[in-house]
Amino acid sequence: MSPNSETFVVSTLPLIPLIETMFVQGALALSSAASCDNDTARSLVFAIDALHRVALEFHQQVDDSLWFDELRRLSDRDDRNPMLSGYACRAVGGRSA
């Protein structure tokens, strides 16, 4: 960094309500999104994994209990894509208490 360059500090605090809202929407859409074919499931697993990482890393800012409840519901469903319900089962099983 050159001596003349400025350092910008950006606060992410204003983004927290947006993250919280989008997280809840993603959690509530999980089961209906998992009603898909295998090609769609392959792309959805990346999005579900991203939400799962948010739940683990930002558990103080997001409703992680909602997320794990929705994962449990998906893992118990036999009428959803097996790849996604299997991912949900693994994610719930891997949760440290």
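The sections below set out a description of the structure shown in this document. (Residues numbered from 1 in each chain as written. Predicted model: local features only at pLDDT ≥ 70, side-chain atom pairs only at ≥ 80, totals over all residues. Heavy atoms only, no water.)

1. A few points about the overall build of the chain
The line we're drawing: In DSSP terms, a helix is any run of H or I states spanning at least four residues, a strand is any run of E spanning at least two, and both are numbered starting from the N terminus. C-alpha atoms define the radius of gyration in this analysis, and the globule rule sets the expected value at 2.2 Å times the number of residues to the power 0.38. Each residue gets one of three labels from its accessible area relative to the maximum for its type: buried under 20%, exposed over 50%, partly exposed in between, using a 1.4 Å probe on protein chains only.
Across its full length, the chain carries four helices and zero strands. Ordered by position from N to C terminus, the α and β elements of the chain give α-α-α-α. Against the 2.2 N^0.38 benchmark of 13 Å for 97 residues, the chain shows a C-alpha radius of gyration of 17 Å, more extended than a compact globule. Here the chain holds 97 residues, and 27% of them are scored as buried.

2. Observations regarding the environment of His52
Using the following cut-off: Note on contacts: a residue pair is in contact if any heavy atoms of the two residues lie within 4.5 Å.
Within the fold, His52 resides in helix α2 (residues 38-57). Along the primary structure His52 and Leu84 are separated by 32 residues, whereas in three dimensions their C-alpha atoms are 13 Å apart. With near-sequence residues (within four places) excluded, His52 lies in contact with Trp67, Phe68, Leu71, Tyr87 and Ala91.

3. A word on the packing of helix α1 (residues 16-33) against α2
Stated precisely, the cut-off is as follows: What counts as an axis is a line fitted to C-alpha atoms, over the stretch in contact for a helix, and the angles between N-to-C directions run from 0 to 180 degrees. Throughout this description, any angle smaller than 35 degrees is read as roughly parallel, any larger than 145 degrees as roughly antiparallel, any in the 65 to 115 degree range as roughly perpendicular, and the remainder as oblique. Less than a right angle of anticlockwise turn of the near helix away from the far helix marks a crossing as left-handed, whereas a clockwise turn marks it as right-handed. Amino acids are sorted into nonpolar (Ala, Val, Leu, Ile, Met, Phe, Trp, Tyr, Cys and Pro), charged (Asp, Glu, Lys and Arg) and polar (every other residue, Gly among them).
Between α1 and α2, the shortest axis-to-axis distance is 11 Å and the interhelical angle comes to 140°. In terms of orientation, α1 and α2 fall into the oblique class. In terms of crossing hand, the pair formed by α1 and α2 is left-handed. Judged by residue contacts, Phe23, Gly26, Ala27, Leu30 and Ala33 of α1 engage Leu44, Ile48, Leu51, Val54 and Ala55 from α2. Looking at the contact of α1 with α2 residue by residue, the class counts come to nine nonpolar, one polar and no charged.

So far we have only geometry, and geometry alone does not tell us how the molecule works.
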